[in-house]
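Residues per chain are reported as follows:
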Amino acid sequence: MRIFPTAIAMAVALCGATAAFADEDIAARIGASREAIKSFAGALQEQLVSAMTAGGPTAAIEVCKIAAPDIAAEASDERGWHIGRTSLKLRNPANAPDAWELAVLRGFETRKAAGEDPAGIDHAEFVVRDGQRTFRYMKAIGTQPVCTMCHGTGITPEVAAALDALYPEDQARGFEVGDIRGAFSIAQPAP
Ligand code: HEC
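Rules used in this analysis
Residues numbered from 1 in each chain as written. Predicted model: local features only at pLDDT ≥ 70, side-chain atom pairs only at ≥ 80, totals over all residues. Heavy atoms only, no water. Helix = DSSP H or I, 4+ residues; strand = E, 2+ residues; numbered from the N terminus. Polar contact = N/O pair within 3.5 Å; in protein donor to acceptor, adjacent residues only side chain to side chain. Contact = heavy atoms within 4.5 Å. Core = buried A, V, L, I, M, F, W, Y, C linked by side-chain atoms within 4.5 Å. Buried < 20%, exposed > 50% of the residue type's maximum accessible area, 1.4 Å probe, protein only. Phe/Tyr/Trp six-rings, centres within 6.5 Å; stacked < 30°, edge-to-face > 60°. Lys NZ or Arg CZ within 6 Å of the ring centre and 35° of its normal. Pairing = 2+ DSSP bridges. Axes fitted to C-alpha atoms, helices over the stretch in contact; angles between N-to-C directions.

Caption draft 1: Summary view of the side chain of Arg91. Mapped onto the secondary structure, Arg91 falls in the loop between strand 1 (82-86) and helix 2 (99-113). Within the structure, the side chain of Arg91 is placed 3.4 Å from the side chain of His151, a separation counted as a polar contact. Each residue touching Arg91, except ones within four places of it in the same chain, is listed here: Cys150, His151, Leu163, Tyr167, Asp170, Ala172, Arg173 and Arg181.

Printed below as a string of structure tokens:
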């Protein structure tokens, strides 16, 4: 193929413009994603704490099962984005990562192993998804002491029985404080 100088000049001009646009756009989209995650995480935490206070961890499992997907769907509909949680070790198979999320989750583990604090680990990228330009963002979720009641190594027999009944394929146990439990994941259409 022969490449004409005008074509090269045009390509350079176009790519340059795209890069400048992307820099500004990506910062705004990261900011908006972090805000959305803050309110999503806040809503989840509120439900969890009130359910645990009312009926202990066994009752809270039932609430989590219903409330977590509902809160995610509400947060997604509100913004016209996809907002969810995923993990390398799943409790609910409906939260399974897609190929892009899987690669990012593995990258998070590598970064943590290299000494990064999970609280600051995130990743943003523009991708083409189903033929559409899409902004994707993931933020690691660290394991806190409260999480270990249902995701840790010392789960009580009552909690284990309740989890077994609802999630027969549960892999989300054995986490220790400071481990990456999973990640929030956002996809925004970015035409
Ligand atoms: C009362 C028990 C309970 C506690 C405490 C709890 N979780 Fe969960 N967690 C669940 C249940 C049940 C699900 C499955 C929800 C669903 O069906 O979508 C879940 C799912 C998740 C998921 C989605 C990925 C997956 O495996 O399906 C993440 C991420 C997660 N929990 C993180 C946390 C973190 C972080 C904490 C502490 C702040 C925490 N959990 C505390 C019960 C709990």
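Caption draft 2: How the structure looks around the nonpolar core. Within the largest apolar cluster, 18 residues are counted, with the highest numbers of intra-cluster contacts made by Phe40, Leu44, Ile83, Tyr137, Phe184 and Ile186. Mapped onto this core, the elements with two or more residues apiece are helix 1 (5-79), strand 3 (132-142) and strand 4 (180-189). Once you skip the residues sitting within four places of it in the chain, Phe184 turns out to touch Ile37, Phe40, Ala41, Leu44, Gly84, Arg85, Tyr137, Met138, Lys139 and Ile141. Judged by nonpolar contacts, the second largest core, of 10 residues, contains Val104, Leu105, Ile121 and Ile180.

Caption draft 3: Local environment of the packing of aromatic side chains. With the rule as written, the count across this model stands at 2 aromatic pairs. Ring geometry for Phe40 against Phe184: centres 5.6 Å apart, planes inclined by 70 degrees, an arrangement best described as edge-to-face. You can see Phe40 sitting in helix 1 and its partner Phe184 sitting in strand 4, a full 144 residues away along the chain. Classification of Phe184 by relative accessible area gives buried; the value is 9%. Its guanidinium or amino end placed over the ring of Trp81, Arg79 lies 5.9 Å from that ring's centre, counting from NZ or CZ. Over the ring of Phe126 we find Arg133, and its NZ or CZ is 4.1 Å from the ring centre.

Caption draft 4: Quick peek at the environment of Ala94. Tracing the backbone shows Ala94 in the loop between strand 1 and helix 2. Through-space distance from the C-alpha of Ala94 to that of Pro69 is 9.4 Å; in sequence the pair is 25 residues apart.

Caption draft 5: How the structure looks around the sheet that holds strand 2 (residues 122-129). Spatially, 1-4-3-2 is the arrangement adopted by the 4 strands of the open sheet, whose pairing is antiparallel. In the strand order of this sheet, the two ends are held by strand 1 and strand 2, each with one partner. Within the sheet, the average angular offset between the axes of one strand and its neighbour, ignoring direction, is 20 degrees. With 8 bridges connecting them, strand 2 and strand 3 associate as antiparallel partners. Bridge pairing in strand 3 places His123 opposite Met138.

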